[in-house]
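Now for the letters of each chain:
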Amino acid sequence: MPLPDLHQAEAIPKAAQDDLNRILQNGDLFRYTAASDAPVTLLEQEFARMMGSAYALAVSSCSAALFLSLKALNLPAQARVLIPGFTFAAVPSAVLHAGCRPVLCEVATNYRININDFAEKLPSVQAVIISHMRGHTSDMDAILRLCAAADIPVIEDAAHSLGTLWHGQKIGTLGKIGCFSFQSYKMINAGEGGILITDDADLVAQAIIMSGAYEHNWKKHTALQSSFARWQNKLPLYNLRMSNLAATVIRPQLAELPRRTANGLRNHDHVAEHLSRAPQIEVPAPLPPETRAPDSIQFNLTGMTDNEVARFAQTAADMGVKVQVFGMSDDNARAFWNWQFIPDLPDLPQTREMLMRACDVRLPVQLSLDQLDAVCAVLLKALDLATQEAAA
């Protein structure tokens, strides 16, 4: 069985092609040109309905959604925002763009927030962003309870968690705002794009205006007319809109989400079962309330030296499977010590130790079980060669 391309996305559904051709013919790419029912508007309505949220705003990226969420919370200048030490660099970047200061908390070997460290730092912040990094859900019961008691708003960075459930409730709907990504390596692929959801009409009205609904374009968001007028001309415009092209690519993929999440979980668990047979590999289990929707797998290498871990990753790559060891990949944007744009960047020893052994392998949802077995065979062979060489 030849190895699959682990970076190839599923084909865009054919249902998008006619609509794309129509848009290309008439050149109607701007979301506010049509009087009503523009593709971006329809996407917002369909996504909100799918998630069970009152409102959705489609924007240029998940980073833009996080930024607008923070701005719409009307936080004080230089407000402190608590984020996990294991996330993508775009998250602390969004915090800084919003005029706030990132505060980092420790993350455990299961890739989830260390609740003790989170609770200790919570009294010093004005908002929280919970990154469900690589689709791993932290203890949201504890997090939401602590934040509610402190009256601190929670933004969910659900870029990797579209389709994940917590106690049967959709991730992204637990906090005040949920933010999602449509970048190519996510469950729904538009190349770039993002969306935020909320039940707070005043908050989303501000986000809509700041996203670039200049003059009276906000009138095309028909469900919110009573919330807009007081913000007219009082908010800066950041022009973070989604185009009709991106929305047209996204909309037919919404119907594919149940199949993709089911296949992704099947693939993850199939590979996890095979890899866990190796004594050096630990695949952290989901928390009991969590039903995951992964399109990749993460595992920790245990009882191995830095040199052995590096040999494993290089050997796997030489054999055709890329393994990203978060803490050992040069300038990795998920290793917090590379976020040198953060003033007074702290050290997080627990998170650092985890990142030096945490491995990441993409598992596109369209892979067959035979293809997954081929990937497992390479990983286990590379592990065997790396540890044999060390023993010799």
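Everything numeric here is computed off the predicted structure, so don't read it as measured data.

> Before we move on, could you go through helix α7 (residues 201-212) and cite the residues and values that matter?
Here α7 contains twelve residues, and its C-alpha end-to-end distance of 17 Å stays within 8% of the 16 Å for a straight helix at 1.5 Å per residue. Taken across its twelve residues, α7 has eleven buried, putting it largely inside the fold. Among all positions of α7, only A201, L203, V204, A205, Q206, A207, I208, I209, M210, S211 and G212 are buried. Packing partners of the buried residues in α7 comprise β1 (55-59), α3 (62-72), β8 (177-181), β9 (194-198) and α8 (225-228). The backbone nitrogen of D202 lies 3.1 Å from a side-chain oxygen of the residue at the head of α7, namely D200.

> For the pattern of salt bridges, give the residues involved together with the corresponding values.
Applying the stated rule across the entire model yields 14 salt bridges. In this structure, the salt-bridge partner of R277 is E273, at a minimum N-O distance of 3.8 Å. A relative accessible area of 59% means that R277 is categorised as exposed. Looking at E273, the relative accessible area reads 49%, which means it is partly exposed. Linked through salt bridges whose partners overlap, the residues forming this network are E10, E256, R259 and R260.

> Any chance you could break down the nonpolar core for me, citing the residues and the numbers?
The biggest cluster of nonpolar side chains holds 60 residues, and the ones touching the most others in it are L68, V81, I129, L196 and I208. Broken down by secondary-structure element, the contributors of at least two residues to this core are β1, α3, β2 (80-84), α4 (90-97), β4 (127-131), β8, α7 and α12 (349-355). Other than its neighbours up to four places away in sequence, L196 contacts Y55, A56, L57, A65, L68, S69, I177, G178, C179, V204 and A207. The next biggest cluster of nonpolar side chains, apart from the first, holds 40 residues, and it includes A48, I130, I188 and L257.

> Describe the packing of α3 against α4, and please don't skip the residues or the numbers.
Look at α3 against α4: their axes get within 9 Å of each other, and the N-to-C directions meet at 35°. For the pair α3 and α4, the crossing hand works out as right-handed. Of the residues in α4, those touching α3 at S63, L66, F67 and L70 are A90, V91, A94, V95 and H97. Its residues assigned to classes, the contact of α3 with α4 shows seven nonpolar, two polar and no charged.

> An account of the sheet that holds strand β7 (residues 169-170) is requested, with residue identities and associated values reported.
Taken in spatial order, the three strands of this open sheet run β7-β6-β11, and their pairing is antiparallel. Lying at the two open borders of the sheet, with one neighbouring strand each, are β7 and β11 (290-291). With two bridges joining them, strand β6 (residues 165-166) and β11 adopt antiparallel strand pairing. Paired with W166 across the strands is E290, a residue of β11.

> Lay out the environment of T164 in plain terms, naming residues and giving numbers.
For T164, the location among the structural elements is in the loop between β5 (154-157) and β6. For T164, a relative accessible area of 1% corresponds to the buried category. In the structure, T164 is positioned 29 residues away from G135 in sequence and 7.4 Å away in space, judged by C-alpha atoms. Not counting chain neighbours up to four residues away, the residues in contact with T164 comprise G135, T137, Q169, K170, I171, T291, R292 and A293. One polar contact links the side chain of T164 to the main-chain amide nitrogen of A293, over a distance of 3.4 Å.

> Talk me through the pairing of β9; I want residue IDs and the actual numbers.
The element β9 is extensively covered by neighbouring structure, given that five of its five residues are classed as buried. In β9, alternate side chains face the same way, and those of G194, L196 and T198 on one face and I195 and I197 on the other are all buried. Strand direction decides the pairing type here: β1 and β9, joined by five bridges, are antiparallel. Bridged to A56 within β9 is I197.

> Before we move on, can you summarise the packing of α3 against α7 with the specific residues and values?
Where α3 contacts α7, the two axes come as close as 9 Å, and the packing angle between them is 125°. Looking at the two axes, α3 sits oblique to α7. In this structure, α3 crosses over α7, and the sense of that crossing is right-handed. Across the interface between the two elements, L68, K71 and A72 from α3 touch L203, Q206, A207, M210 and S211 from α7. The class makeup of the residues in the contact of α3 with α7 is five nonpolar, two polar and one charged.

The rules behind each value
- Residues numbered from 1 in each chain as written.
- Predicted model: local features only at pLDDT ≥ 70, side-chain atom pairs only at ≥ 80, totals over all residues.
- Heavy atoms only, no water.
- Helix = DSSP H or I, 4+ residues; strand = E, 2+ residues; numbered from the N terminus.
- Expected span 1.5 Å × (residues − 1).
- Buried < 20%, exposed > 50% of the residue type's maximum accessible area, 1.4 Å probe, protein only.
- Contact = heavy atoms within 4.5 Å.
- Polar contact = N/O pair within 3.5 Å; in protein donor to acceptor, adjacent residues only side chain to side chain.
- Salt bridge = Lys/Arg side-chain N within 4 Å of Asp/Glu carboxyl O.
- Core = buried A, V, L, I, M, F, W, Y, C linked by side-chain atoms within 4.5 Å.
- Axes fitted to C-alpha atoms, helices over the stretch in contact; angles between N-to-C directions.
- Left-handed = near helix turned anticlockwise from the far one by under 90°.
- Nonpolar A, V, L, I, M, F, W, Y, C, P; charged D, E, K, R; others polar.
- Pairing = 2+ DSSP bridges.
- Parallel < 35°, antiparallel > 145°, perpendicular 65-115°, else oblique.

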